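Now for the letters of each chain:
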Amino acid sequence: MEGSIQTLKLRAEEILEQLTLDEKIGMIHGNELFRTKGVERLGIPPLTMSDGPCGVRADFKEREWIPVGNTDDYVTYLPCNSAIASTWDRNLAGRAGSILGEEARGRGKDVILAPGMNLKRTPLCGRNFEYFSEDPFLTSQLATEHVKGVQSWDVAACLKHFALNHQETARLEVDEEIDEEVLRDLYLQVFKDVIDDANPYSIMSAYNKIYGEYCSQSKFLLGDILRGEWGYDGFVVSDWGAVHDTVKAAEADIDCEMSVTYDFDDYKFANPLKEKVLSGEVDEALIDKKVLHILILMLRLNMIGEDRLERKDASYNTMAARQNCLEIARGSVVLLKNDGILPLIRPVIKEKKILVIGENANRIHSNGGGSAEIKALYEISPLMGLKSRIGGSTKIDYLPGYCSKIDADMTPEGTNWQAISLENSGGKSAGEEKAKKELSEYRKKIREEALSKCMDYDYVIFVGGLNHEIDTEGLDRKDISLPYEQDELIEALLEKRPDTIVCMIGGGAVDMTKWLSNCKALIYMYYNGMEGGNALAEVIIGDIAPSGHLAETFYCSAKDSSGVSLGDCGDEKLVHYREGFDIGYRYTCKHNIPVQFPFGYGLTYSEFELSDLQLKLNGRILKGKLENKGEVDATQVVQIYRLADETKDYISLVGFEKIYLRAGGIMDFEIPVKDKSGMGKYAVGFDVLHLQEV
Ligand code: BGC
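(A) Just unusual backbone geometry, in detail. Cis peptide bonds are those with omega within 30 degrees of zero, and the linkage from Phe162 to Ala163 qualifies with 0°. By the element assignment, Ala163 lies in the loop between strand S5 (156-162) and strand S6 (175-177). The omega torsion of the bond from Leu342 to Pro343 falls at -5°, within 30 degrees of zero and hence cis. Mapped onto the fold, Pro343 is located in the loop between strand S11 (334-338) and helix H12 (346-349). Residue Asn199 is not a glycine yet carries a positive backbone phi of 50°. Along the polypeptide, Asn199 turns up in the loop between helix H6 (180-198) and strand S7 (202-205).

Here's what the structure looks like:
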């Protein structure tokens with residue numbers, strides 16, 4: 001049971017006194033890939049961790065990166081954090097956290113390595129799908145509820161990656177050069193807000209460097225700021241393999257070293273640290289401090305002593321989790337364009353024919369992305385979602401139209417993909433060329449097939465975008481263009497069938513400028529969990545009105561993002577944050593840079609109107625009325641921004657609320673305005689570009 005920190009400390013100290021140096025050393029480093037050593041004689045269990053954030057990851061063998069492969073680690077697959085962010089719904093973020101916590105507890109894990117908390121500094125980062133938003137306020141508001149949800153199950157959330165892990169390129173060594181004020185007030189503040197409001201029991205230090213020192217051994221970051229100024233008393237774990245120097249990391253206030261190799265006794269915090277203590281080079285008191293943090297964590301989670309009997313019981317794969325997943329997924333689908341095409345309502349499409357085109361209609365995403373991969377109990381694809389909703393009464397056919405690679409089952413006659421790859425091993429470059437040509441020809445063939453059939457149907461739905469070969473740990477995108485020759489297909493498709501409903505799935509902005517103006521109906525859906533396909537289908541057929549809003553700017557090109565154009569990112573080993581505070585929409589708004597869709601944007605099947613807006617309590621509350629003027633029950637996100645002025649020269653989100661209203665309904669609202677820097681000028685609207693001043 002979480003007691004006062006003083007009580008916990010006293011109890012932890014009592015246990016600490018009984019531990020030998022060897023036992024303490026065992027507790028502060030990985031003894032398996034996701035577990036430390038316990039101390040059996042004192043009833044201290046090992047500490048067991050698991051990834052996060054889209055669900056609880058499948059089990060690996062204790063000492064090998066080989067999945068155990070049993071049938072007991074299928075789990076609920078949650079919408080990714082970017083999808084959660086596009087709900088703009090604190091309650092749904094909390095429910096997602098609660099599922100994650102309950103399933104982690106049900107699977108016997110103590111620490112779930114989630115949520116990913118880094119801001120989307122550029123649209124290129126391969127792990128952006130694991131992060132919430134480019135906006136610090138939206139991120140911390142949603143992450144706070146998420147963490148509370150996780151920890152309600154006696155499982156620790158672990159905020160990651162502390163700090164500045166904004167790119168995957170050279171992530172293990174890249175050094176971040178940043179103005180200290182920007183570091184503190186923008187990037188660290190997001191973590192601090194969640195620490196203050198949700199008390200996350202653990203935090204993961206990042207791989208990259210900051211001011212020339214690895215984050216995982218930075219005294220400045222972990223010792224001075226996190227432990228010192230913020231007084232953080234939780235558990236600090238290194239990212240896997242982020243510790244390089246025994247003494248530096250020991251002194252930097254990291255509690256536990258985890259890594260990716262199997263030489264557990266040679267980890268820096270294993271024999272090397274023990275030797276340093278025995279030789280007097282490192283004070284044993286440093287080890288004690290780490291063990292104390294681990295014992296406090298265990299007490300908080302009811303892992304030791306009599307409290308064990310009070311630890312929450314939990315299940316995984318419950319029906320309730322699936323239902324919640326569906327509701328989160330429903331809340332996150334973003335309608336970007338609708339020129340009278342959507343929804344395709346049931347009575348109208350009955351006995352009609354729909355052609356669904358695009359690999360992403362028929363693809364699942366849960367099993368990719370790096371450490372965020374999940375062994376999902378199931379994942380409803382868009383094709384399955386549509387068929388399961390209307391398949392009996394509407395004829396639905398599928399054609400790939402484009403492909404990421406040649407699928408063995410789709411091999412064109414006379415071509416054997418395996419044979420090509422064998423040929424490749426003989427003469428590499430010639431083989432590669434041939435394979436490239438084959439792929440291009442194959443893409444042309446399936447594109448033409450889709451284009452020739454598209455006129456035979458009453459409706460055409462295209463589902464494309466990205467996948468986890470692109471949105472993945474360890475890799476960044478080079479630009480935001482659509483891969484696999486999708487532009488060619490969509491352009492031609494829209495020419496023949498201007499009524500095509502275009503759906504994009506991915507982890508961030510894609511460049512749609514080549515065909516955007518010709519497109520009449522456009523939906524964006526982030527990797528949306530096991531029920532994603534159902535949620536998308538429900539939006540298309542109008543079972544629900546869409547209510548997602550973008551939690552990031554959809555730039556026209558990557559170069560329009562300040563992180564790319566002003567700062568550096570990419571191959572360089574030293575990155576300059578020259579953009580300062582001007583992340584995301586702050587930069588595009590300041591310089592009037594055109595975007596495909598602005599931060600906060602999202603349409604629905606109804607119209608809303610704001611009225612009677614007024615600030616109360618010295619600007620701490622915004623009061624007003626919201627009216628649903630349409631004929632459909634729907635949801636709107638009221639967003640409050642502080643406008644740029646002399647004291648803060650960029651616009652920033654300072655309040656929001658998601659409000660559901662029945663058709664014709666009107667409601668008074670009061671929304672807190674969170675603006676630490678005092679009174680400013682505020683404006684209200686449904687996205688950052690369409691605002692009215694109050
Ligand atoms: C990732 C972490 C993850 C860890 C354990 C690292 O490569 O950066 O986010 O939690 O592996 O799988």
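(B) View of the domain arrangement of the chain. Taken domain by domain, the chain comprises domain 1 (5-310), domain 2 (336-545) and domain 3 (608-693). Put simply, the middle of domain 2 and the middle of domain 3, counted by C-alpha atoms, are 36 Å apart.

(C) Representation of empty space enclosed by the protein within the structure. Summed over all chains, the structure comprises 4 cavities of 30 Å³ or more. The calculated volume of the largest cavity comes to roughly 80 Å³. Residue lining of the largest cavity: 14 residues in total, with His365, Glu379, Ile380, Met525 and Asn528 positioned closest to the centre. Residues that form the lining of the largest cavity fall into these classes: 6 nonpolar, 6 polar and 2 charged.

(D) Up close: the sheet that holds strand S21 (residues 621-628). Strand order in the open sheet formed by 3 strands is S20-S21-S24, and the pairing between neighbours is antiparallel. What marks the edges here is a single partner per strand, and that holds for strand S20 (608-616) and strand S24 (666-672). With strand direction ignored, the average angle separating the axes of adjacent strands in the sheet is 20°. Of the strand pairs in this sheet, S20 and S21 are connected by 7 bridges, and their pairing is antiparallel. Bridge pairing in S21 links Glu609 to Glu627.

(E) View of the pairing of strand S10 (residues 235-238). Neither face of S10 is left uncovered, since the one carrying Phe235 and Val237 and the one carrying Val236 and Ser238 both have all their residues buried. In this sheet, S10 lies alongside S7 in parallel orientation, the contact comprising 4 bridges. Looking at S10, one finds that Ser205 is bridged to Ser238.

(F) Broad picture of the side chain of Gln639. Secondary-structure assignment places Gln639 in strand S22 (residues 634-642). We classify Gln639 as buried; its relative accessible area is 0%. Within the structure, Gln639 has its side chain in polar contact with the side chain of Tyr641 (distance 2.6 Å).

(G) Structural detail: the site of the ligand. Looking at the ligand, there are 14 residues lining it, with Asp51, Arg127, His161, Asp239 and Glu473 nearest. Between the ligand and the protein, one listed contact pairs an oxygen atom with a side-chain N or O atom of Tyr207 at 3.0 Å. Glu473 is positioned with one of its side-chain polar atoms (N or O) 2.7 Å from an oxygen atom of the ligand. Protein burial of the ligand: of its 310 Å² of free accessible surface, 95% is covered by the chains.

(H) Geometry of the packing of aromatic side chains. Under the counting rule described, the total for this entry stands at 21 aromatic pairs. Geometrically, the ring pair formed by Tyr524 and Tyr526 is edge-to-face, given 4.9 Å between the ring centres and 65° between the ring planes. Residue Tyr524 is classed as buried on the basis of its relative accessible area, which comes to 1%. The ring of Tyr577 carries Arg121 above its face, with NZ or CZ at 3.9 Å from the centroid.

What counts as what
Residues numbered from 1 in each chain as written. Predicted model: local features only at pLDDT ≥ 70, side-chain atom pairs only at ≥ 80, totals over all residues. Heavy atoms only, no water. Helix = DSSP H or I, 4+ residues; strand = E, 2+ residues; numbered from the N terminus. Domains from an automatic or database assignment. 1 Å grid on protein atoms, 1.4 Å probe; cavity = no way out; pocket = protein on both sides within 12 Å on 5 of 7 lines; lining within 4 Å. Points joined across faces, edges and corners; volume = space filled by probe spheres on them. Nonpolar A, V, L, I, M, F, W, Y, C, P; charged D, E, K, R; others polar. Pairing = 2+ DSSP bridges. Axes fitted to C-alpha atoms, helices over the stretch in contact; angles between N-to-C directions. Buried < 20%, exposed > 50% of the residue type's maximum accessible area, 1.4 Å probe, protein only. Polar contact = N/O pair within 3.5 Å; in protein donor to acceptor, adjacent residues only side chain to side chain. Near = heavy atom within 4 Å. Areas by Shrake-Rupley, 256 points an atom, 1.4 Å probe, with all protein chains shown as cover. Phe/Tyr/Trp six-rings, centres within 6.5 Å; stacked < 30°, edge-to-face > 60°. Lys NZ or Arg CZ within 6 Å of the ring centre and 35° of its normal.

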